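Fold and geometry: a report
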Amino acid sequence: MKRLIEIYFKSQKSTIFFEPFDDVAQIYPNTNVVLLTDEKVYSLYRNKFEQCNTVVVPEGEKCKNLEIVVNVINQLLKYKADRDTALIGVGGGSVCDLAGFVASVYMRGLRHSFVPTTLLSMVDASIGGKTAINFNKIKNLVGTFKHPEFVVIDISFLDTLSDRDYLSGIGELIKIAIITDEKFFDVLENTDLTDRKNINYNIMFESLRKKSEIVIRDEEDRGIRHLLNFGHTFGHVIERQYQLPHGQSVILGMLIAMKISIEMNELNEDVYNRIYKTLGKYLYYKPKLEICKLSHEISLDKKRRKNTIDYILLKEIGFPKIVNMKLEDIHQICNKITLELT
Ligand SMILES: NC(=O)c1ccc[n+]([C@@H]2O[C@H](COP(=O)([O-])OP(=O)(O)OC[C@H]3O[C@@H](n4cnc5c(N)ncnc54)[C@H](O)[C@@H]3O)[C@@H](O)[C@H]2O)c1
């Protein structure tokens, strides 16, 4: 049986297929297609790119910048891409963010789709329509909203993923469970996610469904969608300063957010300990974080408005809360908290 999910966003339907990715014609029959991928994915899966024009960019986060956007546009011109061309991003969240961005600005918009190749992009980044590049070292400063038409999830790509990048994806997966549903968290809590075989259709389906339910309510990220940012305010600072993978930084950011929630009497310490027991298993990096110092850097966050920020606290599993906080107050609280990474 063909497994698929159709998600009806305001501006576009996104259809997610769970099947092997062998041929671009399965996504766009009779269409001029350009594939966009990064050097690592290209070198590992060269045969998948033989059938069409392919643009290859530097691997990972390094591809998310304006200079690369210009290079990609030049290549699209070379391949005579026009408004009928479809762009398919084949790669992790970085390639998806870049491909979506280029597809939304080139000739004011190309059709685009994704073949996510990392766990993080399968369970999170490939859906929701946020595109982004970094600018002046500020994460995701420049971007647009544009949903992909199709997403093809082929879990065999996970076989070649490094442990570091695989565990990074688990961070975003557990985040979605923490902010949406205790039952989903229970499942993840009782599954050995280090074993890649345990990442099955049901887990992916649930993650994509839960994320989409939030996105549908606030596609332009003006309110409720901020909840998906749980762990990201500090996560982005950690990612920049310690050069850690995105999902790993988000795990550390969530732990800090929960410590702040405890300090503000919103979260019970037992819940923190329960979540830590699960999240801690998937921490690849355990840096000694100076939380107080990090808190000075959150002023660069896109969610900042003058001297306040919409910060995401946790009350219970499944019950996050958006609170508009003064940066100074966050800084004061951070003076009081420590993070033991055992
Ligand atoms: N748009 C969104 O909604 C959204 C959501 C979450 C995260 N993101 C973004 O996603 C990015 C992180 O994505 P990521 O974790 O997928 O990392 P990534 O795309 O940076 O890739 C990490 C590494 O894995 C390699 N790789 C990719 N697929 C592989 C495979 N199958 N086998 C071996 N290596 C492979 C890449 O070449 C790279 O070196 C961040 O920039 C983050 O901001 C976007």
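In this text the structure is predicted, and so the values were computed from the model without any measurement.

Cut-offs applied
- Residues numbered from 1 in each chain as written.
- Predicted model: local features only at pLDDT ≥ 70, side-chain atom pairs only at ≥ 80, totals over all residues.
- Helix = DSSP H or I, 4+ residues; strand = E, 2+ residues; numbered from the N terminus.
- Rg over C-alpha atoms; globule rule 2.2 N^0.38 Å.
- Contact = placed C-beta atoms within 7 Å.
- Buried ≥ 20, exposed ≤ 12 C-beta atoms within 10 Å, placed from the backbone.
- Domains from an automatic or database assignment.
- Nonpolar A, V, L, I, M, F, W, Y, C, P; charged D, E, K, R; others polar.
- Axes fitted to C-alpha atoms, helices over the stretch in contact; angles between N-to-C directions.
- Parallel < 35°, antiparallel > 145°, perpendicular 65-115°, else oblique.
- Left-handed = near helix turned anticlockwise from the far one by under 90°.
- Core = buried A, V, L, I, M, F, W, Y, C linked by C-beta atoms within 7 Å.
- Pairing = 2+ DSSP bridges.
- Near = placed C-beta within 6 Å.

1. Here we look at the overall build of the protein chain
When you go through the protein chain residue by residue, the secondary structure sums to 12 helices and 12 strands. Here the C-alpha radius of gyration of the protein chain, 20 Å, is about what a compact globule of 342 residues would show, namely 20 Å. Judged by the C-alpha coordinates and their principal axes, the protein chain covers about 60 × 45 × 35 Å. Partitioning the intrachain contacts of the protein chain with sequence separation of at least 6 by distance along the chain shows that 69% fall at a separation of at least 24.

2. Looking at the environment of leucine 36
Among the structural elements, leucine 36 can be located in strand β3 (residues 33–38). Of the residues examined, leucine 36 has 27 C-beta atoms within 10 Å and is grouped as buried. Separated by 13 residues in sequence, leucine 36 and phenylalanine 49 place their C-alpha atoms 9.4 Å apart. Residues in contact with leucine 36, not counting those within four places in the same chain, are Val55, Val57, Val72, Leu87, Ile88, Gly89, Val90, Val95, Leu98 and Ala99.

3. What about the domain arrangement of the protein chain?
A common way to state how big an interface is: give the accessible area lost once the parts meet. Taken as a whole, the protein chain is organised into domain 1 (3–160) and domain 2 (163–334). Listed as interface residues are 26 residues of domain 1 and, on the opposing side, 28 residues of domain 2. Elements that contribute at least two residues to the side of domain 1 that touches domain 2 include exactly β1 (3–8), β2 (13–18), α4 (119–125) and β8 (138–145). When grouped by side-chain class, the residues that make up the side of domain 1 that touches domain 2 number 16 nonpolar, five polar and five charged.

4. Considerations on the packing of helix α8 (residues 232–242) against helix α9 (residues 246–263)
Running from amino to carboxyl end, α8 crosses α9 at an angle of 135°, the nearest separation of the two axes being 7 Å. Judged by the angle between their axes, α8 and α9 are oblique. Judged by the sense of rotation from one axis to the other, the crossing of α8 with α9 is right-handed. Residues His232, Thr233, Phe234, Gly235, Ile238 and Glu239 of α8 lie in contact with α9, whose contacting residues are His246, Ser249, Val250, Leu252, Gly253, Ile256 and Ala257. Looking at side-chain class alone, the contact of α8 with α9 contains six nonpolar, six polar and one charged residues.

5. Observations regarding the nonpolar core
Within soluble globular proteins, side chains that are nonpolar tend to cluster in buried spots. Counting residues in hydrophobic clusters, the biggest one holds 90 residues, and the most contacted among them are Leu36, Ile88, Leu98, Ile178 and Ala257. If you count residues domain by domain, this core takes at least three from each of domain 1 (3–160) and domain 2 (163–334).

6. Brief notes about α8
Of all 11 residues in α8, eight are buried; the element is thus mostly enclosed. Inspection of α8 places His232, Thr233, Phe234, Gly235, His236, Val237, Ile238 and Glu239 among the buried residues, and these make up the whole buried set. Phi for glutamine 243, located one or two positions after α8, is positive at around 55°.

7. Notes on the sheet that holds strand β12 (residues 319–326)
Hydrogen bonds along the backbone pair up the strands of a sheet, which may run parallel or antiparallel. Read from one edge of the open sheet, three strands run β10-β11-β12, paired in antiparallel fashion. With one partner strand each, in any of the chains shown, β10 (304–305) and β12 form the two edges of the open sheet. Alignment of β10 against strand β11 (residues 308–316), held across two bridges, turns out to be antiparallel. Counted as the bridge partner of arginine 304 is isoleucine 309 from β11. Running at roughly 110° to β12, helix α12 (residues 327–334) makes contact with β11 and β12 of the sheet.

8. As for the site of the ligand
As a structural note, the neighbourhood of the ligand is formed by 33 residues, with Lys40, Gly60, Gly92, Gly93 and Thr118 the closest of them. Of the residues that constitute the shell around the ligand, the class distribution is eight nonpolar, 15 polar and 10 charged. Both domain 1 (3–160) and domain 2 (163–334) contribute no fewer than three residues apiece to the shell around the ligand.

9. Considerations on the pairing of β1
Working note: regular strand, side chains alternate between the two faces of the sheet. The pairing of β1 with β2 spans six bridges and is antiparallel. In the sheet register, arginine 3 faces β2, and the bridge partner there is phenylalanine 18.

10. Observations concerning the packing of α9 against helix α10 (residues 269–279)
Any two packed helices are characterised by the angle at which their axes cross and by the distance between the axes. Contact geometry for α9 and α10: axes closest at 10 Å, N-to-C directions at 170°. In terms of axis orientation, α9 runs roughly antiparallel to α10. Contacts from Ile251, Met254, Leu255, Met258 and Ile262 in α9 reach Glu269, Tyr272, Ile275, Tyr276 and Leu279 in α10. A class-by-class count of the residues in the contact of α9 with α10 yields nine nonpolar, no polar and one charged.

11. Quick look at unusual backbone geometry
The backbone of asparagine 30 sits at a positive phi, close to 55°, despite the residue not being glycine. With respect to the element layout, asparagine 30 can be found in the loop between β2 and β3. Unusually for a residue other than glycine, asparagine 140 sits at a positive phi of about 55°. Tracing the backbone shows asparagine 140 in strand β8. Asparagine 140 gets classed as partly exposed once you count the C-beta atoms within 10 Å, which come to 17.

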